[in-house]
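# Summary of structural features
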Amino acid sequence: MDGFKVALVGLSGQVMPDWVSERMANAGIDFVAKDCTTRQELARVAGDADVVWIFGDSPIMCAENLQVLERCGGIIRSGSGTDKVPVAEASERGIVVANTPAAVEESVSDQAIGLLLAITRQIVTRDRAVRQGKWEPNLPALVWHLQGQTLGLIGFGHIAQAVARKMSGFEVKILVYDPYVAAEMLINYSAKAVAFDELLTQSDFVSLHCPLTKETYRLISERELRLMKPNAILINTSRGAVVDEPALLTALREGWISAAGLDVVDPEPPDPDNPLFQLENVVVTPHIGGFSDYSMQRTWELSVETAIDLAQGRWPRSVVNPLVKPRWTLVEQ
Ligand code: NAD
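Below or above, wherever it landed, is the structure these notes cover. A quick note: this is a predicted structure, and the numbers were derived from the prediction, not measured.

### A closer look at the pairing of strand β3 (residues 51–55)
Most of β3 is tucked away, with 5 of its 5 residues classed as buried. The alternating pattern of β3 places Val-51, Trp-53 and Phe-55 on one face and Val-52 and Ile-54 on the opposite face, and all of these are buried. Looking at chain direction, strand β1 (residues 5–10) and β3 are connected through 4 bridges and run parallel. Looking at β3, one finds that Gly-10 is bridged to Ile-54. Where β3 lies against strand β4 (residues 74–78), 5 bridges are found, and the strand directions are parallel. Paired with Ile-54 across the bridge in β4 is Arg-77.

Structure (structure tokens):
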């Protein structure tokens, strides 16, 4: 396509590799990269862009800012979650929204499993104790194990499927709740589809892998935490707001569940005095699930490939709003 412009407008602290501009130029794309912080700047840099690209959770891509993106027919959100992208408003304007979930599924699934192991093997608490001079192999007793236990996955997309694949090696039983996934899909993973409440009551470990939407906002609240087993562990690598944090705090203090492993909290960055961080039965990491040397390289590569797909009139490989009527003709890959 002649005169096709792609604007990378939100870097979220990432440093663009040198090869990105070169690959865009080789594909005949007019490419500009500028971390925009205001609507005026966005209008100046991307007002005439056909595709607008953001990395991470850049706040520049809010619904109001779509107004200044007059030519925009595609938004690329590098990564997986699109809760900071106005998908519905973009669809109304004929803007295809694409993401790159395949780049981060390995690292986020590793993170979820890492949090689970950090808790069940008491890696964080024991590390802290040893550093304080406490070499106590017998106390307190290790109270969890994996083999034969039940892992419940809420949401069964890219990341949850990778968790299921990897956790099958630990010989756990896998239950899945995902209203949008066909039950036949689960056969490959020896996983069983169950109703939401059944997953909560039957699972020893519950791991959250759904996107943050109106439907999943505080999906795990007091009622759900009370349904879970007292020995249950909650793992959240999805989005902080999928869990009602005050309810989680009470659940962990009062023993409705036994522990939580969190890569995400609400809000981010959190208040350093967040009372969850005082609890011994919580392991927290600062939203690092999507990061690894490999995942970052793949994220850049898939994002550039997505831009080139759109420029050459192909549907991107991962489309968030597949029912959109695109502004220009797109053919299947
Ligand atoms: P995905 O789109 O491949 O899968 C999400 C799954 O959730 C889909 O199968 C969908 O059907 C299901 N779902 C939607 N609504 C649901 C509901 N109400 N109940 C149950 N399931 C529901 O996404 P993914 O790549 O697996 O990522 C999942 C989420 O993980 C992202 O949306 C993002 O919020 C989060 N994430 C976090 C990190 C991190 O660094 N911690 C990195 C990437 C993604």
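### Digging into the nonpolar core
Among the nonpolar cores identified, the biggest contains 30 residues, and Ile-154, Ile-220, Leu-225, Leu-234, Leu-248 and Ile-257 are the most heavily contacted of them. The contacts of Ile-220, once residues within four sequence positions are left out, are Ile-154, Phe-196, Leu-200, Leu-208, Leu-225, Leu-234, Val-242, Val-243 and Asp-244. Counting residues in hydrophobic clusters, the runner-up holds 29 residues, among them Leu-116, Ala-118, Trp-144 and Ala-191.

### Points about helix α4 (residues 105–120)
For α4, spanning 16 residues, the distance from its first C-alpha to its last is 22 Å, which sits close to the expected 22 Å at 1.5 Å a residue. Of all 16 residues in α4, 12 are buried, a share of seventy percent or more. Just downstream of α4, Gln-122 is the residue with a positive phi angle, here 50°.

### As for unusual backbone geometry
With omega at 0°, the peptide bond leading from Asp-266 into Pro-267 counts as cis. At the junction of Glu-268 and Pro-269, the peptide bond is cis and its omega measures out at -5° in the coordinates. The phi dihedral of Ser-12 falls on the positive side, at around 45°, and the residue is not glycine. With respect to the helices and strands, Ser-12 occurs in the loop between β1 and α1 (19–26). With relative accessibility at 37%, the residue Ser-12 sits in the partly exposed group. At Ser-190, a residue that is not glycine, the phi angle is positive and equals roughly 50°.

### Some words on the site of the ligand
Surveying the vicinity of the ligand reveals 27 residues, the closest of which are Ser-80, His-158, Ile-159, Asp-178 and Asp-263. Arg-239 places a polar side-chain atom, nitrogen or oxygen, 3.3 Å from an oxygen atom of the ligand. Between an oxygen atom of the ligand and a main-chain N or O atom of Gly-289, the distance comes to 3.5 Å. Bound to the protein, the ligand loses 88% of the 870 Å² it would expose on its own. Looking at side-chain class alone, the shell around the ligand contains 11 nonpolar, 12 polar and 4 charged residues.

### A look at the packing of aromatic side chains
The full count for this structure, using the stated rule, is 6 aromatic pairs. Residues Phe-31 and Trp-53 carry aromatic rings whose centres are separated by 6.1 Å and whose planes lie at 40° to one another, so their mutual orientation is tilted. Taken together, the residues Phe-31 in strand β2 (residues 30–33) and Trp-53 in strand β3 connect sequence positions 22 residues apart. One aromatic cluster is present, built from ring pairs that chain together Phe-31, Trp-53, Phe-55 and Trp-300. Lying over the aromatic face of Trp-256, Arg-226 brings its terminal NZ or CZ to 3.9 Å of the ring centre.

The rules behind the values
- Residues numbered from 1 in each chain as written.
- Predicted model: local features only at pLDDT ≥ 70, side-chain atom pairs only at ≥ 80, totals over all residues.
- Heavy atoms only, no water.
- Buried < 20%, exposed > 50% of the residue type's maximum accessible area, 1.4 Å probe, protein only.
- Helix = DSSP H or I, 4+ residues; strand = E, 2+ residues; numbered from the N terminus.
- Pairing = 2+ DSSP bridges.
- Core = buried A, V, L, I, M, F, W, Y, C linked by side-chain atoms within 4.5 Å.
- Contact = heavy atoms within 4.5 Å.
- Expected span 1.5 Å × (residues − 1).
- Near = heavy atom within 4 Å.
- Polar contact = N/O pair within 3.5 Å; in protein donor to acceptor, adjacent residues only side chain to side chain.
- Areas by Shrake-Rupley, 256 points an atom, 1.4 Å probe, with all protein chains shown as cover.
- Nonpolar A, V, L, I, M, F, W, Y, C, P; charged D, E, K, R; others polar.
- Phe/Tyr/Trp six-rings, centres within 6.5 Å; stacked < 30°, edge-to-face > 60°.
- Lys NZ or Arg CZ within 6 Å of the ring centre and 35° of its normal.

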